[in-house]
Amino acid sequence: MTENLGFLMADVSRLMRRRFDERARSSGATGPQWRTLKMLERHEGLNQGQLAELLEVEPITCCRMIDRLEEAELVERRRDPADRRAWRIYLTDKARPVLTELHDVASEMIETALHGFDQTQRDQLIAALALIRSNVLQTQESKEAANG
């Protein structure tokens, strides 16, 4: 079961990302750009390093993504008042309708993926995945604490 579970979770995640990317292209956003916009929607005003960490990408990759989003006028860099060398990243008004469209794309894709699930099954799936995530995070945190 262990090998099947890991493979199945990775496969579902990969397929969902691919389908989302296909659908999101019509709005002009790529999957990584969507993730960046979504993260900024949740945590506006992050600096590039913090954003790169949350997106789990290298800082230079994040910087290039921000450059492209800034060229598209979806984000703006503002000087950090506490650190003249740092920049904080904010969504622009132009990003709001793009986010709304991408939310709709994501909702439609999730509904397609969960076709045939009743509400109880959906709730159980979310609870199970949340528990798995928690278990994995606790395991990682325990190892990090043990290693100092």
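The residue count restarts for each chain, going from 1 along the sequence in the order it is written. Residues qualify for local features only when their pLDDT is at least 70, as the model is predicted, and side-chain atom pairs are given and counted only at 80 or more; totals for whole chains, interfaces and linings, by contrast, use all residues. Hydrogens are left out, water is left out, and the side-chain values use all remaining heavy atoms of the structure.

K.L.:
So, the packing of aromatic side chains: which residues are in play, and what are the values?
P.N.:
Aromatic contacts are taken between Phe, Tyr and Trp rings whose centres are within 6.5 Å, Trp giving its six-membered ring; a plane angle under 30 degrees counts as stacked, one over 60 as edge-to-face, and the others as tilted. Tallied over the full model, the rule gives one aromatic pair. On the basis of an interplanar angle of 40 degrees and a centroid distance of 5.3 Å, the ring pair of Phe20 and Trp34 is categorised as tilted. Remark: Trp34 occurs in helix α2 (residues 31-42) and Phe20 occurs in helix α1 (residues 2-24); sequence separation between them is 14 residues. Its relative accessible area of 6% is what places Phe20 among the buried residues. By the criterion adopted, a ring carries a charge over it if an Arg CZ or a Lys NZ lies within 6 Å of its centre and within 35 degrees of its normal. Residue placement shows Arg78 over the ring face of Tyr90; its charged tip is 3.9 Å from the ring centre. Numbering of helices and strands runs from the N terminus; a helix is a DSSP stretch of H or I covering at least four residues, while a strand is a stretch of E covering at least two. Each residue is placed in one exposure class: buried if its accessible area under a 1.4 Å probe, protein chains only, is under 20% of its type's maximum, exposed if it is over 50%, and partly exposed if it falls in between.

K.L.:
Go over the environment of Asn4, please, and point to the residues and values.
P.N.:
For Asn4, the position within the fold is in helix α1. Looking at Asn4, the relative accessible area reads 57%, which means it is exposed. Counting along the chain gives 36 residues from Asn4 to Leu40, while the straight-line C-alpha distance between them is 34 Å.

K.L.:
Quick rundown of α2? Include the residues and the values.
P.N.:
When the terminal C-alpha atoms of α2 are compared, their 17 Å separation across 12 residues agrees well with the 16 Å that a helix rising 1.5 Å per residue should span. Along α2, the positions that sit buried rather than exposed are Gly31, Gln33, Trp34, Thr36, Leu37, Lys38, Met39 and Leu40. Expected span, for any helix, means 1.5 Å times one less than how many residues it has.

So far we have only geometry, and geometry alone does not tell us how the molecule works.
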